[in-house]
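The primary structure of each chain is shown beneath.
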Amino acid sequence: MGRETGLAFAADAEIVVQALIDYYERSVAGEGPVIHQPPLGKLVADMELPALVREGGLSGARLSRFMDRYLSALTRIYHPANIAHQQAVPHYMVALAGLVDNFVSSDGSIYELGPASVTIEYFLINWLLEKVGWTPAPLDLRQAAGGTYGGGILANGGSLANLTALIAARTRLAPDVWQEGNPGDLALLAPAETHYSIARAAGIMGLGHRAVYPLDVDEWGVVLPDRLPDACARVAADGKRSVALIANAGTTAAGLYDPLEEIGAFCRERDLWFHVDAAHGGPAILTERYRGLLRGVELADSVTMNMHKLGRVTAFCTALLVRDARSLDEAFTQEASYLFYEKDQPGYDFLHRTIECTKPVLGLKLFMVLAAMGEAGLGAYIERQFDLTAQVYEYLQGLPDFSCPVAPQSNILCFQADRAAGRPLALRDRLLKRGNYYVSTAVLNGQRYLRLTLNNPATTLDEIKGLVREIRELRTT
Ligand SMILES: Cc1ncc(COP(=O)(O)O)c(C=O)c1O
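A brief structural summary. (Residues numbered from 1 in each chain as written. Predicted model: local features only at pLDDT ≥ 70, side-chain atom pairs only at ≥ 80, totals over all residues. Heavy atoms only, no water.)

## Examining helix α11 (residues 260-270)
Residues L260, I263, G264, F266 and C267 constitute the buried set of α11. An end-on view of α11 places all buried positions within 160 degrees of arc, on one side of the element. For α11, the elements touching its buried residues are α10 (228-237), β4 (241-248) and β5 (274-277). In the segment just after α11, D271 is the residue with positive phi, at about 55 degrees. (Buried < 20%, exposed > 50% of the residue type's maximum accessible area, 1.4 Å probe, protein only. Helix = DSSP H or I, 4+ residues; strand = E, 2+ residues; numbered from the N terminus. Arc of directions from axis to C-beta. Contact = heavy atoms within 4.5 Å.)

So this is what it looks like as structure tokens:
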């Protein structure tokens, strides 16, 4: 890098950091709408996209103007009334990790491309393996041969992690699949509440959506463990074999946990691959008071845990963990002579565990957040959000014109206002047009509800009281 470029970098970085601080301060103070959606064509013009691409020169005053326009047309993640989605409200360390990573452009796939970045991923996987109650992988790789220990990978999201886990499960059941294709008698077992990425994985794997057999659930979509044998019997009656049984540690719609201990015991008894989709609720394992929700997760074969939901990091940062590292090491069987070969090296390659070839560095941001907050600090944040959600539930239940279909277990809460407020989708549209509160909706037991995800450290009960006032006001207009 030339000296001049170095000076421009420092000056431009200062512009960007200052713009971000202003954006943060104003958002967190609740200034401006939390959400507003100008028409796309207007934004192309406002941000001067064609001129910037044509002319270049994004630096100094031009950069400052672009930052203003860009930030002013974003949904304000730090705004206390941002209570819609599961997206993490990031700790600022994530931004610094991103800066470092995008500057040095390391890689997370093979050791020689980035010993430090690969080491952090290896360390974080081990840290999470221990939280789940599994054996971490040895640091001295010469001790690795022959031992049984856990493994994992940081993946580009829960959807890819779920797909990878199911591919590993399929390779275990039908190892010839890579040469011969699917045998045609493969099935998956999952509750209907399961995130759509599981059905999508079934499609991608060529099993088809119809290969997913629903597990019996209660009215809120939570698995009924004593009915598991019936579901298995349905699979067997169709002449099929189950690749895996999937349960949720935090359903997407309502954040509810399946009874993992009973389900895990059932799967272990039958030698059935047990995958826990803990994309939402997994990080509760870091808390003192809520880790019991994940009791039995250690009985799983694989776990998906997104750190870009409850973990204060930006997307993507998903841990896919397996109890037995060999199951992931053997999941894919392709060769690539320029990358895969016996090497004598002091570190580890993740390449053979992922769908992609090039692998972004996903561990640095999680590590830097953890190292800033400490694991107890992150756990305390999660406890605060779960506690607040319980408090909001009590508050809404105490109102004559609001109610919740089911008590929350995590930081997601479905609720409804009385009929006079209008149907949930129409009510949400009106709320979003005003832009003071950003909420989502979800279908639960066949009915659509308004939905809150309290993933924002700046949100308090006051915002919920304000939301209630706004809904009541909308009812009368
Ligand atoms: C339970 C569950 N599984 C999987 C996913 C997919 O994760 P990602 O968006 O990281 O692909 C989600 C996302 O909402 C989820 O809630």
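## Let's talk about the pattern of salt bridges
Tallied over the full model, the rule gives 24 salt bridges. With a closest N to O distance of 3.4 Å, R69 and E48 form a salt bridge. Here E48 lies in the loop between α2 (40-46) and α3 (49-55) and R69 lies in helix α4 (residues 60-72), a separation of 21 residues in the sequence. Given a relative accessible area of 24%, E48 falls into the partly exposed group. Two residues, E375 and K131, come together in a salt bridge whose shortest N-O distance is 2.9 Å. Of this pair, E375 sits in helix α13 (residues 363-397) while K131 sits in helix α6 (residues 115-132), and the two are 244 residues apart along the sequence. By relative accessible area, which is 38% here, E375 ends up partly exposed. Residue class for K131 comes out partly exposed when judged on its relative accessible area of 31%. (Salt bridge = Lys/Arg side-chain N within 4 Å of Asp/Glu carboxyl O.)

## Regarding the sheet that holds β4
Taking strand neighbours across the sheet as the criterion, the seven strands line up as β1-β7-β6-β5-β4-β2-β3 in an open arrangement whose pairing is mixed. Edge strands, defined here as strands with exactly one partner in the open sheet, are β1 (151-155) and β3 (212-215). Within the sheet, the average angular offset between the axes of one strand and its neighbour, ignoring direction, is 20 degrees. Inspection of the sheet shows strand β2 (residues 186-191) paired to β4 by four bridges, in the parallel sense. Following the sheet pairing, L189 is matched in β4 by L245. Across the sheet, helix α7 (residues 158-173) touches β1, β2, β4, β5, β6 (302-306) and β7 (318-322), and the angle it forms with β4 is around 150 degrees. Across the face of the sheet, α10 comes into contact with β2, β3 and β4 while running at roughly 155 degrees to β3. (Pairing = 2+ DSSP bridges. Axes fitted to C-alpha atoms, helices over the stretch in contact; angles between N-to-C directions.)

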